[in-house]
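# What the coordinates show
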Amino acid sequence: MIGLGDEKDLSLDSLRVIGPSPISRMIPEIHAKLLIVGVGVAILIAGLILSQPGRTTGGHMNPAISLAMWRFGVFRGVGVAPYIIAQLLGSVLGGLAARVVWGPVVAEAPVAYAVLQPGPGWSTVTLFSAETVSMAIIVLLVGYCLAVARLAPFVPWIVGGAIGIAIAVLGTSTGGSVNPARQFGPAALSGQTRFLWVYLLAPMAGAFLATWLRQSIQRHRYVLTHRLCGTNRDRSPLSG
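An account of the accompanying structure is given in this report. (Residues numbered from 1 in each chain as written. Predicted model: local features only at pLDDT ≥ 70, side-chain atom pairs only at ≥ 80, totals over all residues. Heavy atoms only, no water.)

Now for the environment of L50. With respect to the helices, strands and loops of the structure, L50 is situated in helix α3 (residues 30–50). The partly exposed category is assigned to L50, whose relative accessible area is 24%. For L50 and L228, which are 178 residues apart along the polypeptide, the C-alpha to C-alpha distance reads 8.2 Å. Apart from the residues within four sequence positions on either side, L50 is in contact with R55, P156, W157, C229 and R235. (Helix = DSSP H or I, 4+ residues; strand = E, 2+ residues; numbered from the N terminus. Buried < 20%, exposed > 50% of the residue type's maximum accessible area, 1.4 Å probe, protein only. Contact = heavy atoms within 4.5 Å.)

Here you go:
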């Protein structure tokens, strides 16, 4: 049974994760809102990966993915830093663009540039663990599928779906970030940087963990490409 204090916490969670809007007010249950957001984000991410820019660059959009691709041996180490810088810069520019389009409400509480904060009772250790494990699962799935030619084309939807599930399941606890770039821009612009180091480092630790696990599971298979579209740049199937 939910008491008055619990209802207040859920209301605050709803505002922090979703923000005030006519649509959010129509759907009072926070987990239903998060499910809708998760589905929307999943479709958006898959679409970006499958777009021409996504096919050209690899569609990483996440420093942990770029790091993992280097550890998988399919992405040059010299490219990791430029990719990460571009991803973090994109996060800042996205927040600034939102401020221009939607006005001061983007910068004001409770939106605050969509910065994430852990839920009540979540310590630094539990937050770090949740973000690490979540990212490790995503990277492990990506690496495993990109090592099997017939599974590789499903990777855009696996990535999008996994992020969507993270948002729906972890939205009220960690925020479901699993992407250092997701938190960097909002935290920098809002000034709410207390947990920023966790959101930056935990997914990277998860990427390292997952690359080691994949090597243990698929000893005789190699990741075929760094492109999350799961095909060659010209859309032709991978071989191997």
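Now that the structure has been shown, we can carry on.
Okay, the packing of aromatic side chains next. One pass over the full model with this rule turns up two aromatic pairs. When the centroid spacing of 4.8 Å and the interplanar angle of 70° are considered together, the rings of F75 and Y83 count as edge-to-face. Note on F75: relative accessible area 11%, which makes it buried. Their ring planes at 35° and their centres at 6.2 Å tell us that F128 and W197 sit as a pair that is tilted. Taken together, the residues F128 in helix α7 (residues 124–146) and W197 in helix α10 (residues 196–217) connect sequence positions 69 residues apart. For W197, a relative accessible area of 45% corresponds to the partly exposed category. (Phe/Tyr/Trp six-rings, centres within 6.5 Å; stacked < 30°, edge-to-face > 60°.)

The residue after A109, namely P110, is reached through a cis peptide bond having omega 5°. Located in the positive-phi region is A114, a residue other than glycine, with phi close to 65°. Mapped onto the secondary structure, A114 falls in the loop between α6 (80–102) and α7. Even without a glycine there, the phi angle at R235 is positive, about 80°. Mapped onto the elements of the fold, R235 is located in the segment after α10.

This part covers the nonpolar core. In this structure, M69, V139, V142, L146 and L228 are the most contacted members of the largest nonpolar core, which totals 37 residues. Contributing elements (two or more residues each) for this core: α3, α5 (63–72), α6, α7, α8 (155–170) and α10. With seven residues, the top contributor of residues to this core is α7. For V139, the residues in contact, after removing those within four places along its chain, are I65, A68, F72, A207, A210 and T211. In this structure, L127, F195, V198 and Y199 belong to the second largest nonpolar core, which totals six residues. (Core = buried A, V, L, I, M, F, W, Y, C linked by side-chain atoms within 4.5 Å.)

Within the element layout of this structure, R214 appears in helix α10. E131 provides the closest opposite charge to the buried, salt-bridge-free R214, at an N-O distance of 22 Å. Here R214 is in contact with F72, L140, G143, Y144, A147, R221, Y222 and V223, once residues within four sequence places are set aside. (Lys, Arg positive; Asp, Glu negative; His and termini not counted. Salt bridge = Lys/Arg side-chain N within 4 Å of Asp/Glu carboxyl O.)

To continue, consider the side chain of H60. Among the secondary structure elements, H60 is positioned in the loop between α4 (52–57) and α5. For H60, a relative accessible area of 5% puts it in the buried group. A polar contact of 2.9 Å, which involves the side chain of H60, links it to the side chain of S66. Discounting residues that sit within four places of it in the chain, H60 has contacts with I65, S66, M69, F75, Y83, Q87, H226 and L228. (Polar contact = N/O pair within 3.5 Å; in protein donor to acceptor, adjacent residues only side chain to side chain.)

Once that is clear, we can look at the packing of helix α9 (residues 180–190) against α10. The contact between α9 and α10 brings their axes to 8 Å, and the two run at 165°. As summarised for this structure, α9 and α10 are arranged roughly antiparallel, according to the angle between their axes. α10 is crossed by α9, and the crossing has left-handed handedness. When α9 is examined against α10, the residues P180, Q183, F184 and A187 are found in contact with a partner set consisting of L196, Y199, L200, P203 and M204. (Axes fitted to C-alpha atoms, helices over the stretch in contact; angles between N-to-C directions. Parallel < 35°, antiparallel > 145°, perpendicular 65-115°, else oblique. Left-handed = near helix turned anticlockwise from the far one by under 90°.)

Attention now goes to the environment of S216. Assignment of secondary structure puts S216 in helix α10. A distance of 3.1 Å separates a polar atom in the side chain of S216 from the backbone oxygen of W212.

Residue position: R55 is located in helix α4. Through-space distance from the C-alpha of R55 to that of D234 is 8.3 Å; in sequence the pair is 179 residues apart. Excluding residues within four positions of it along the chain, R55 makes contact with I49, L50, R227, C229, T231, N232, R233 and R235. A distance of 3.1 Å separates the side chain of R55 from the backbone oxygen of L50, its partner in a polar contact.

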